[in-house]
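Report on the structure
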Amino acid sequence: MDRKPSSSSSTGPPAPVIQRKTRDSDLCLTSDIPKIPPNCIDELNSHFLGKGTFGVVEKTKYRKTRDDTYRPAAIKYASATHLSILKREAKHMWNLRNHVNIIKIYGMYESHRNGQGLVMEYMDCGCVADLIYDRKNIEYKMDHVASWMYQLSSAVNFFHSKDQIHRDLKLQNMLLSHHHRTLKICDFGTFTSIHQSMTSNRGSPITMAPEIFRCEPYNMKADIFSIGIIMWQMIARDHPYTMNMPITPFLYNVATRNLRPHEIECNPILSNFYKRCWSDNPASRPTSADCVEYFRCLRSEYPNGNVPLWDPASGASNTVKIPKSQPGGRSPLPLPKTEITPDVKPKEVAPAKVQETPALLPDTLKVPKVERQISNEEEKQKIFMTALSNEDTRPIDPNEGDESSLELYHQHCLVNLNYAEVLLAKKEAINEKHKLVQKWAEHERTLELLERIACLEQEIAYQECNNAKEKSSFSVRM
Ligand SMILES: Nc1ncnc2c1ncn2[C@@H]1O[C@H](COP(=O)(O)OP(=O)(O)OP(=O)(O)O)[C@@H](O)[C@H]1O
């Protein structure tokens, strides 16, 4: 029988109202998370960035205290019905705030206009989906894939080590900054603990593991399935499935017919790994620690993933040409290190004994080249690389797990880059000046010649005049 407390039947004092405790109740308590006061958000300078399933994200300006200067930040607002999801997300982000590849939360903000908002760091290069599908003018290399996959897997390994699952890893939830070099995971709305493991369908179809479609219990290996699909997407720079396939047959085929992204021309060391990640049987998939180890090896074979990428359409310079990978050689730009250094040895995953030649790249990764001023680019790259290897100007390697030293490192790289641009601009200005001086010299010479011509013409006129005089005096004398 239902034992609901009834106020009418009670004679004594009213029973205290007991809040029903759901499994997520504790997660909605955001008391640990700093409350951001109104004078630390510049709402007038906020504008719309994008819309997710349950919220709207705006770019805004944030400062920690009134004495600080404003810096860009992103703020996510949820409608009143989705407020608990926003709070859960905030709580998860707060618990994971120490990892360099997870979006950092600054705090919660109460806006008069939009209600509760989650304020987080702003990633200025957008999401990985935009880069690989919509901005094909930006060329990237296997070095970048290795670096992004390493950063992704070390973040995943971080929360897996805390028994947490993301459940919605996809290109749209991976944001980029520092000229596309730093990758961070965002959107923890579907995040859950393995102990609350679930049979409800969560996540996005393309990267979602088949056991989730089959409504079977699932675990961290569901995220590894997503890592496999993401790796394929980055290498192929293509859509994994026919876009017009209706969702139901698609889910059915993934779950029961082993439907997977189409074959691409790719080194088997890479394809074997992503295929292992998307095995139908979760137990056959590698762990997140195996992934970290695998991508660490791959990154040492392709060490230039920290070379910045630019959008040529923005008027800035194009991709810096990546020097040939030198197996075993030190990267000119060491990658951000995370605090996670799991003690895992690569198991069956062959440590990336990759071909000597960079023939690893499938043709699909080779984006048609955009016409560019090679001489200037090469010149700039040369100055940049020299600055990076010069003892006086070389940035100091970031400390493991220390985000501020990583930030400093990136700033230093940018300064070197600006330095290369300034030096190049100065060189161009000097060239222009030389051309002008040359023209001016020509101009002066022209003036001199004109003067000379004028003198000669005067001389001729004078001579003609004299001739005429002489002729007339001669005729008078005759
Ligand atoms: N910290 C951030 N910096 C820059 N852009 C961001 C940031 N967080 C989110 N965005 C952008 O805002 C948009 C909405 O993000 P949000 O996480 O709400 O939704 P989503 O991941 O696109 O969708 P869904 O929630 O349905 O999975 C996306 O385009 C995303 O790229």
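Residues numbered from 1 in each chain as written. Predicted model: local features only at pLDDT ≥ 70, side-chain atom pairs only at ≥ 80, totals over all residues. Heavy atoms only, no water.

Thoughts on the confidence of the model for the chain
Overall, the predicted model of the chain reaches an average pLDDT of 77, with 74% of residues at or above 70. Confidence drops under a pLDDT of 50 for residues 194-202, and excluding neighbours within four residues, the segment shows 30 contacts in the predicted structure. Here residues 316-373 is a poorly scored stretch, pLDDT under 50, and it has 138 contacts once near neighbours within four places are set aside; other chains count. Note on the complex model: pTM 0.66, ipTM 0.95. (pLDDT = per-residue confidence, 0-100. Contact = heavy atoms within 4.5 Å.)

Things to note about the sheet that holds strand β3 (residues 55-62)
Strand order in this open sheet of six strands is β1-β5-β6-β4-β3-β2, and the pairing throughout is mixed. Edge positions in the sheet fall to β1 (35-36) and β2 (47-51), since each of these pairs with one other strand and no more. Summarising the sheet, β3 and strand β4 (residues 71-78) pair through eight bridges and their orientation is antiparallel. By the bridge assignment, Y62 is partnered in β4 with R71. (Pairing = 2+ DSSP bridges. Helix = DSSP H or I, 4+ residues; strand = E, 2+ residues; numbered from the N terminus.)

Section: the side chain of N101
Tracing the backbone shows N101 in the loop between α1 (83-95) and β5 (105-111). Here the side chain of N101 touches L183 through a polar contact of 2.9 Å, landing on its backbone oxygen. (Polar contact = N/O pair within 3.5 Å; in protein donor to acceptor, adjacent residues only side chain to side chain.)

Describing the layout of surface pockets
Counted as a void, the largest pocket has a volume near 1,000 Å³. Lining the largest pocket are 40 residues, and of these R71, Y106, E121, Y122 and E407 lie nearest its centre. If you list the elements that add at least two residues to the lining of the largest pocket, you get β1, β3, β4, β5, β9 (182-185) and α10 (403-477). Here the lining of the largest pocket is built from residues that sort into 16 nonpolar, ten polar and 14 charged. Looking at the lining of the largest pocket, you find at least three residues from each of domain 1 (25-121) and domain 2 (128-311 + 330-354). Looking at the second largest pocket, its volume works out to about 810 Å³. (1 Å grid on protein atoms, 1.4 Å probe; cavity = no way out; pocket = protein on both sides within 12 Å on 5 of 7 lines; lining within 4 Å. Points joined across faces, edges and corners; volume = space filled by probe spheres on them. Nonpolar A, V, L, I, M, F, W, Y, C, P; charged D, E, K, R; others polar. Domains from an automatic or database assignment.)

Details of the nonpolar core
With 79 residues, the main nonpolar core has M149, L152, M231, M234, I235 and F295 as its most contacted residues. Non-local contacts of F295, meaning those with residues more than four positions away in its chain, are made with A146, M149, Y150, S153, I227, M231 and F273. Counting residues in each nonpolar core, the second largest holds eleven residues, with V307, C413, L417 and L424 among its members. (Core = buried A, V, L, I, M, F, W, Y, C linked by side-chain atoms within 4.5 Å. Buried < 20%, exposed > 50% of the residue type's maximum accessible area, 1.4 Å probe, protein only.)

Quick look at the site of the ligand
In the vicinity of the ligand, 17 residues are found, and the nearest of them are T53, E121, M123, N173 and D187. In the environment of the ligand, an oxygen atom lies 3.3 Å from a nitrogen or oxygen atom belonging to the side chain of K76. Between the ligand and the protein, one listed contact pairs a nitrogen atom with a backbone N or O atom of E121 at 2.8 Å. Protein contact buries 86% of the 620 Å² of open area that the ligand shows by itself. (Near = heavy atom within 4 Å. Areas by Shrake-Rupley, 256 points an atom, 1.4 Å probe, with all protein chains shown as cover.)

Considerations on the pattern of salt bridges
Summed over all chains, the structure comprises 14 salt bridges. We note a salt bridge from K76 to D187, for which the minimum N-O separation is 3.7 Å. Here D187 lies in the loop between β9 and β10 (192-193) and K76 lies in strand β4, a separation of 111 residues in the sequence. The exposure classification of K76 matches that of D187, with both residues buried. Among the ionic pairs, R214 bridges to D280, the shortest N-O distance being 3.1 Å. You can see R214 sitting in the loop between α4 (210-213) and α5 (221-236) and its partner D280 sitting in the loop between α7 (268-277) and α8 (288-301), a full 66 residues away along the chain. Look at the salt bridges and you will find they share partners, linking R214, E216, R260 and D280 into a network. (Salt bridge = Lys/Arg side-chain N within 4 Å of Asp/Glu carboxyl O.)

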